[in-house]
Amino acid sequence: MYVVIDWHMLGAENDGDENPLYYLEASMDFFAKITELYKDNENLLFEIMNEPCGDTTWQDCKDYANKVIPVIRKNNDGI
């Protein structure tokens, strides 16, 4: 059995948050805490963002991923 840990915030609050970079710091904090809490679990799948929309570019998504993934990898090597 796998557990999906999903950062599902894009478009939730206002027009500015359609871009994943809007919540970058909050996302990094969330994944740091959750991966520390469950660092010994091998059955975790991480969805670092979903449904980027508006004027979000692939470069925005890449920049976001390049910041968030190292935070996750510090404590967990899940998918």
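Just so it is clear, the model here is predicted, and its values are computed rather than measured. (Residues numbered from 1 in each chain as written. Predicted model: local features only at pLDDT ≥ 70, side-chain atom pairs only at ≥ 80, totals over all residues. Heavy atoms only, no water.)

Visitor: Lay out the nonpolar core with the relevant residues and their values.
Guide: Judged by nonpolar contacts, the single largest core of 16 residues is most densely connected at Ile5, Phe31, Phe46, Ile48, Tyr64, Val68 and Ile72. Residue assignment for this core shows that the elements contributing at least two residues are helix H1 (24-37), strand E2 (44-47) and helix H2 (58-75). Among the elements that take part in this core, H2 stands out by supplying six residues, more than any other. (Core = buried A, V, L, I, M, F, W, Y, C linked by side-chain atoms within 4.5 Å. Buried < 20%, exposed > 50% of the residue type's maximum accessible area, 1.4 Å probe, protein only. Helix = DSSP H or I, 4+ residues; strand = E, 2+ residues; numbered from the N terminus.)

Visitor: Residues and numbers for the packing of aromatic side chains, please.
Guide: Evaluated as defined, the whole model comprises five aromatic pairs. Measuring from ring centre to ring centre gives 5.2 Å for Trp7 and Phe30, while their planes differ by 45°; the resulting arrangement is tilted. Of the two residues, Trp7 is situated in the loop between strand E1 (3-6) and H1 and Phe30 in helix H1; the sequence distance between them amounts to 23 residues. Take Phe30: its relative accessible area is 27%, and that puts it in the partly exposed class. Measuring from ring centre to ring centre gives 6.2 Å for Phe31 and Phe46, while their planes differ by 75°; the resulting arrangement is edge-to-face. Placement of the pair is Phe31 in helix H1 and Phe46 in strand E2, with a sequence separation of 15 residues. (Phe/Tyr/Trp six-rings, centres within 6.5 Å; stacked < 30°, edge-to-face > 60°.)

Visitor: So what's going on with the pattern of salt bridges? Which residues, and what values?
Guide: What the rule picks out here adds up to two salt bridges. Lys33 serves as the salt-bridge partner of Asp29, at 3.2 Å between the closest nitrogen and oxygen. Of this pair, Asp29 and Lys33 both sit in helix H1, four residues apart, roughly one helical turn. Residue classification places Asp29 among the partly exposed residues on the basis of a relative accessible area of 40%. By relative accessible area, Lys33 is classed as exposed at 56%. Among the ionic pairs, Glu36 bridges to Lys39, the shortest N-O distance being 3.0 Å. (Salt bridge = Lys/Arg side-chain N within 4 Å of Asp/Glu carboxyl O.)

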